[in-house]
Amino acid sequence: TNLDFWSALEFTMIYVIATTPLMVGIGFLLALAVNRATEGLKGSLIFVSLLPMIATPVVSSLAVYWLFLDNAIVATVLRELGLGQVYFLKDALTIRLLIIAYGVWYAAPFAFIILYAGLQTVPKESLEAARVDGATRWQAIRLVTIPHLMPLFAVVVLIHLMDAYRVFEPIL
């Protein structure tokens, strides 16, 4: 009969369902992009990609909060682009979207680093054989790389699920 409990539980489920595929997808795309980068650029890209994980949650959540205040930089840029005044912290929907976006931004580096490490173990012979057989880059990723990384995808998803359910208590 406690409406706060059910509302927090509902948002927790929405948060878990929304952040998990986004976090895995963005992490995988970042890993693929960094894997294809030149050797001199890889170190800088890895560092920049890991920044959300390095920053403490309090500092990064305050930074996101300050970015989306009514007269902060994001609202000002949108207003200058002619989209009118946007009040991100006005209603529950935009606040929930910001929490989900923050959750993805904060968790994607974890997926990135695990999947990037896994990309280093993909057998080059299998990728070359796929190319010789006429596979496109997408087909090689879909038929060789993703199956090879499937155990890592499972680990990333399970760890994120355990972490994502912790959002329930602060929301409640």
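The coordinates are above.
Residues numbered from 1 in each chain as written. Predicted model: local features only at pLDDT ≥ 70, side-chain atom pairs only at ≥ 80, totals over all residues. Heavy atoms only, no water.

## Considerations on the overall build of the protein
Operational definition: We count a stretch as a helix when DSSP gives it H or I for four or more residues in a row; a strand needs E for two or more, and each element gets its number in order from the N terminus. Think of it in three bands: residues with accessible area under 20% of the maximum for their type are buried, residues over 50% are exposed, and the middle band is partly exposed, with areas taken using a 1.4 Å probe on protein chains only. It only takes one pair of heavy atoms within 4.5 Å for two residues to be counted as in contact. Note on areas: Shrake-Rupley with a 1.4 Å probe; residue coverage comes only from the protein chains shown. Residues scored as charged are limited to Lys and Arg (positive) and Asp and Glu (negative), so that His and the chain ends carry no count. Charge placement uses NZ in Lys and CZ in Arg. For Asp and Glu, CG and CD serve respectively.
Within the protein, the regular secondary structure consists of 8 helices and 0 strands. Its helices and strands in sequence order give the protein the pattern α-α-α-α-α-α-α-α, from N to C terminus. Expressed as lengths along the three principal axes of its C-alpha atoms, the size of the protein is roughly 55 × 45 × 30 Å. For the protein, the residues scored as buried account for 30% of the 172 residues in total. Contacts in the protein between residues at least 24 apart in sequence constitute 72% of all its contacts with a sequence separation of at least 6. For the protein, the accessible area works out to roughly 10700 Å², and carbon and sulfur atoms hold 71% of it. The protein carries 10 positive and 11 negative side-chain charges, and their two centres are separated by 8 Å.

## Re the environment of Glu128
Relative to the helices and strands, Glu128 resides in helix α6 (residues 124–132). Classification of Glu128 by relative accessible area gives partly exposed; the value is 48%. Separated by 12 residues in the primary sequence, Glu128 and Ala140 place their C-alpha atoms 9.1 Å from one another.

## Quick notes on the pattern of salt bridges
What counts, and what does not: The term salt bridge refers to a pairing of a side-chain nitrogen on Lys or Arg with a carboxyl oxygen on Asp or Glu at a separation within 4 Å.
In this structure the tally under the stated criterion is 2 salt bridges. Close ionic contact of Lys42 with Glu39 constitutes a salt bridge, the shortest N to O distance being 3.3 Å. With Lys42 and Glu39 both in helix α2 (residues 39–54) and 3 residues apart, the pair spans about one turn of that helix. The class for Glu39 is exposed, based on a relative accessible area of 64%. Among the salt bridges present, the one from Arg166 reaches Asp163, with a minimum N-O distance of 2.5 Å. Residue classification places Asp163 among the partly exposed positions, given a relative accessible area of 34%.

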